[in-house]
Amino acid sequence: MAAERQQWHTSVHYWSVLTTQLNVSLEPSDCLRHAEALANSGDFTTAEALLRDFVRDYPEIPGGWIALALHANLLRDEVNESRWWAEAHHRFPVEVEQNRCFWEWLSHPDDLS
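Residues numbered from 1 in each chain as written. Predicted model: local features only at pLDDT ≥ 70, side-chain atom pairs only at ≥ 80, totals over all residues. Heavy atoms only, no water.

K.L.:
Would you explain the pattern of salt bridges in this entry?
P.N.:
A side chain with one charge can pair with a side chain of the opposite charge if their charged atoms come near. With the rule as written, the count across this model stands at five salt bridges. Of the charged contacts in the structure, one is a salt bridge between Glu-48 and Arg-52, with a shortest N-O distance of 3.0 Å. Taken together, the residues span about one helical turn, with Glu-48 and Arg-52 both in helix 3 (residues 44-57) at a distance of four residues. Arg-52 sits in the partly exposed class, given a relative accessible area of 33%. Between Arg-56 and Asp-57 there is a salt bridge, and its shortest N-O distance comes to 3.0 Å. Residue Asp-57 is classed as partly exposed on the basis of its relative accessible area of 44%. (Salt bridge = Lys/Arg side-chain N within 4 Å of Asp/Glu carboxyl O. Helix = DSSP H or I, 4+ residues; strand = E, 2+ residues; numbered from the N terminus. Buried < 20%, exposed > 50% of the residue type's maximum accessible area, 1.4 Å probe, protein only.)

See the structure below:
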């Protein structure tokens, strides 16, 4: 797969073909991979929109909330990173505490709001 080889633009193209031209409904894990490819190809706005849709459609899946926090970190958006980590931790404390990035964020108390 293109994403595994970090060929992000190719990966975005494949996801686009699947979702728009072939009208394939993606599994939740595929939605997260699509958002990852978008972000890594530089389309941060579309990636964030996809992640927000994901947590709206699948609020019971921790990966979407964690992905939003990681996305905000990628954008160096400390306010939203704090917001998403807090929300993720509130909803899924065990899963979030297993994520190394959560502990890195938590170790910077000046960033907490």
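K.L.:
Any chance you could explain helix 2 (residues 28-40) here in plain terms?
P.N.:
Think of an α-helix as turning once every 3.6 residues; residues three or four places apart then point the same way. With 13 residues, helix 2 extends 19 Å from end C-alpha to end C-alpha; this agrees with the ideal 18 Å at 1.5 Å per step. Among all positions of helix 2, only Cys-31, His-34, Ala-35, Ala-37, Leu-38 and Ala-39 are buried. Note on helix 2: the residue one or two positions beyond its end, Gly-42, has a positive phi of about 100 degrees. (Expected span 1.5 Å × (residues − 1).)

K.L.:
Just checking my understanding: could you explain the nonpolar core for this structure?
P.N.:
Buried together is how nonpolar side chains tend to be arranged in soluble globular proteins. Judged by nonpolar contacts, the single largest core of 19 residues is most densely connected at Trp-65, Trp-84, Trp-85 and Val-96. When residues of this core are traced back to their parent elements, those giving at least two are helix 2, helix 3, helix 4 (62-74), helix 5 (78-91) and helix 7 (100-106). The dominant element in this core, judged by the number of residues it contributes, is helix 4, at six residues. Contacts of Trp-65, omitting those with residues within four sequence positions, involve Val-55, Pro-59, Trp-84, Glu-87, Ala-88, Arg-91 and Phe-92. Of all hydrophobic cores here, the second largest spans six residues; its members include Trp-8, Val-12, Leu-38 and Ala-47. (Core = buried A, V, L, I, M, F, W, Y, C linked by side-chain atoms within 4.5 Å. Contact = heavy atoms within 4.5 Å.)

K.L.:
Mind showing me how you'd approach the side chain of His-71 here?
P.N.:
Mapped onto the elements of the fold, His-71 is located in helix 4. Contacts of His-71, omitting those with residues within four sequence positions, involve Ala-39, Phe-44, Ala-47, Glu-48 and Leu-51.

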